[in-house]
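Residue-level listing of the chains:
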Amino acid sequence: MKTRLLSAADPETPKLAGEIIRRGGLVAIPTETVYGLGADGLNPAAVDKIFEAKGRPGDNPLILHVTGAAQIELFCHDVPAVAYELAERFWPGPLTMVLPAKDCVPKRTTGGLSTVAIRCPQTAVTREIIRLAGVPVAAPSANLSGKPSTTTAAHVLHDHDGKIDAIVDGGPCQVGVESTIVDLTERPARLLRPGGVTPEQLREVLGELIVDKAVTAQVSQDEVVKAPGMKYRHYAPQCEVLIVSGGREQAASYIRAHFAPNDRVLCFEEELPLYEGCAPLAYGREAAVETLSAGLFAALRELDKPGIGKVYARCPEGGGVAYAVQNRLKKAAAFQIVNAEEAP
Ligand code: AMP
Ligand code: MG
């Protein structure tokens, strides 16, 4: 199959992409979070193709992308009022809500669950594609399963050239990490994945919010988790990743003392001078955490190459969007963290 590259700026693109999706094809779509691999979320045969292209485990459900809050009731039942309050405040935007699924949503889309994850993306061209497709678009991140997510059209082409119908190029994603996922099927609501909408922002609407343990710790393959995606190895380059926490100088001393010739350092721009000779790669500025979330996956993909021994990674501290960056980086590192202020 020839994978067509469609520009988001071309006025014909939404119609073309929408038609491919309506006919059961696969289209990679730009969103403010990451690029998604989209198909008709109500068509099990089309959804199958997503799992096949990504090599995604069948029990890892997809997010249904819609054009707005008015569509929630088409695919979900027993929708609490707070879902509409969250949609009012954060949609279109990087917030996914988990709600009870109506029967029209295939089990293939929900990974066999009785709930469905639903979101309205901010990127205008993608909302127009969904509108013209006339169906909700199921779309996980467009990376091959387990690999760092795709934040440019080139990343998607690298993973899926010849395997999907089209890629809509909307430039680099602004947020750069996947959506925040909040489960509204229980009270208090539960944060399943941190993202661009922060826990602090969610608490302003929800009051109480529980943070699922899979956000901060490793869960084993056979554990029952609320968001099945969280139990799999994720976001990781081929080599070992070790997070080095602690102050700037102490971390640099630790890393420089342990650095071997084929290793790499993933750090903040501010730290580049400390790692001369250690092949440092900066993914953004510590002082502007949104540059770190926007740059993280491109950097992890850059480090996903044979021949690299080990990656020493620096991770931002604190809440807000830094919380999402910590979550992705910790997963990429399989939760291997050393504190340079305590380690030899
Ligand atoms: P991705 O699009 O690659 O970010 O994957 C979608 C994420 O949403 C995965 O981590 C899924 O486990 C999660 N997800 C999708 N549907 C549900 C659901 N019904 N309940 C809980 N988590 C879900
Ligand atoms: Mg993913």
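Refer to the structure printed above.
All values reported here derive from a predicted model rather than from experimental measurement.

Undergrad: Break down the pairing of strand 6 (residues 115–119) for me, with residues and values.
TA: Among the five residues in strand 6, five count as buried, and that is most of the element. Judged by which residues are buried, strand 6 turns out to be covered on both faces: Thr-115, Ala-117 and Arg-119 on one side and Val-116 and Ile-118 on the other are all buried. Of the strand pairs in this sheet, strand 4 (residues 63–65) and strand 6 are connected by three bridges, and their pairing is parallel. If you follow His-65 over to strand 6, its bridge partner there is Arg-119. As paired elements, strand 5 (residues 95–100) and strand 6 share four bridges and run antiparallel to each other. What sits directly across from Val-98, in strand 6, is Ala-117.

Undergrad: I'd like a rundown of the sheet that holds strand 11 (residues 209–211), residues and numbers included.
TA: Spatially, the 11 strands line up as an open sheet ordered 1-8-2-3-7-4-6-5-9-10-11, and their pairing is mixed. If you trace the sheet from one side to the other, it starts and ends with strand 1 (4–7) and strand 11, each paired once. Looking at chain direction, strand 3 (residues 36–40) and strand 7 (residues 137–138) are connected through two bridges and run antiparallel. Note that in strand 7 the partner of Ala-39 across the bridge is Ala-138. Each of strand 1, strand 2 (27–29), strand 3, strand 7 and strand 8 (166–169) is contacted by helix 1 (residues 13–22), which is oriented at about 140 degrees to strand 1, the strand it contacts most. Running over the sheet, helix 8 (residues 199–206) touches strand 5, strand 9 (180–183), strand 10 (189–193) and strand 11 and is turned about 145 degrees from strand 11.

Undergrad: So what's going on with the sheet that holds strand 14 (residues 280–282)? Which residues, and what values?
TA: The strand order across the open sheet built from five strands is 14-13-15-12-16, with neighbouring strands paired in parallel fashion. Where the open sheet ends on each side, the last strands, each with one partner, are strand 14 and strand 16 (337–339). On average, each strand axis in the sheet is tilted by 25 degrees relative to the strand beside it, whichever way the strands run. Of the pairings in the sheet, the one linking strand 13 (residues 264–267) to strand 15 (residues 310–313) comprises three bridges and is parallel in character. Residue pairing in the sheet places Leu-266 in a bridge with Ala-313 of strand 15. Contacts from helix 11 (residues 321–332) reach strand 12 (240–245), strand 13, strand 15 and strand 16, with the element oriented near 135 degrees to strand 12.

Undergrad: Hey, could you go over the packing of aromatic side chains for me, with residue numbers and the actual values?
TA: As enumerated under the stated definition, the model contains two aromatic pairs in all. On the numbers, 5.3 Å between centres and 40 degrees between planes, the contact of Tyr-235 with Phe-297 is tilted. With Tyr-235 in the loop between strand 11 and strand 12 and Phe-297 in helix 10 (residues 289–302), the pair connects residues that are 62 residues apart, well separated along the chain. Under the relative-accessibility criterion, Tyr-235 is labelled buried at 3%. The class of Phe-297 is buried, set by a relative accessible area of 0%. Judged by centre distance (6.1 Å) and plane angle (45 degrees), the rings of Phe-268 and Tyr-283 are tilted.

Undergrad: Describe the pattern of salt bridges, listing the residues and the values that go with them.
TA: One pass over the structure, following the stated rule, counts 14 salt bridges. The salt bridge partner of Arg-248 is Glu-271, with a shortest N-O separation of 3.7 Å. With Arg-248 in helix 9 (residues 248–258) and Glu-271 in the loop between strand 13 and strand 14, the pair connects residues that are 23 residues apart, well separated along the chain. Relative accessible area serves as the criterion here: at 31%, Arg-248 is assigned to the partly exposed category. The exposure class of Glu-271 is buried, given its relative accessible area of 0%. Of the charged contacts in the structure, one is a salt bridge between Glu-286 and Arg-248, with a shortest N-O distance of 2.5 Å. Linking Glu-286 in the loop between strand 14 and helix 10 with Arg-248 in helix 9, this pair joins segments that are 38 residues apart in sequence. Within the structure, one salt-bridge network assembled from shared partners comprises Arg-248, Glu-271, Glu-286 and Arg-314.

Undergrad: Quick rundown of helix 11? Include the residues and the values.
TA: Since there are 3.6 residues in each turn of an α-helix, residues three or four apart along the chain are aligned in direction. For helix 11, spanning 12 residues, the distance from its first C-alpha to its last is 17 Å, which sits close to the expected 16 Å at 1.5 Å a residue. Counted residue by residue, helix 11 has 11 buried out of 12 residues, so it is predominantly covered. Taken residue by residue, helix 11 has Val-321, Ala-322, Tyr-323, Ala-324, Val-325, Gln-326, Asn-327, Arg-328, Leu-329, Lys-331 and Ala-332 as its buried positions.

Undergrad: How would you sum up the environment of Gln-201? Please name residues and give values.
TA: In this structure, Gln-201 sits in helix 8. Considered as a pair, Gln-201 and Phe-51 are 150 residues apart in the sequence and their alpha carbons are 33 Å apart. Once residues lying within four places of it in the same chain are set aside, the contact partners of Gln-201 are Arg-89, Phe-90 and Gly-196. Reaching out from Gln-201, the side chain makes a polar contact with the backbone nitrogen of Thr-198 at a distance of 2.9 Å.

Undergrad: Could you give an account of unusual backbone geometry, with specific residues and numbers?
TA: Generally, phi is negative for residues other than glycine and the peptide bonds are trans, each holding for most cases. Here the amide bond leading from Trp-91 into Pro-92 is cis, since omega sits at -10 degrees, within 30 degrees of zero. For Pro-92, the position within the fold is in the loop between helix 4 (81–90) and strand 5. For the bond running from Arg-187 to Pro-188, omega is -10 degrees, close enough to zero to count as cis. Mapped onto the elements, Pro-188 comes out in the loop between strand 9 and strand 10.

Cut-offs applied
Residues numbered from 1 in each chain as written. Chains lettered and ligands numbered in written order. Predicted model: local features only at pLDDT ≥ 70, side-chain atom pairs only at ≥ 80, totals over all residues. Heavy atoms only, no water. Buried < 20%, exposed > 50% of the residue type's maximum accessible area, 1.4 Å probe, protein only. Helix = DSSP H or I, 4+ residues; strand = E, 2+ residues; numbered from the N terminus. Pairing = 2+ DSSP bridges. Contact = heavy atoms within 4.5 Å. Axes fitted to C-alpha atoms, helices over the stretch in contact; angles between N-to-C directions. Phe/Tyr/Trp six-rings, centres within 6.5 Å; stacked < 30°, edge-to-face > 60°. Salt bridge = Lys/Arg side-chain N within 4 Å of Asp/Glu carboxyl O. Expected span 1.5 Å × (residues − 1). Polar contact = N/O pair within 3.5 Å; in protein donor to acceptor, adjacent residues only side chain to side chain.

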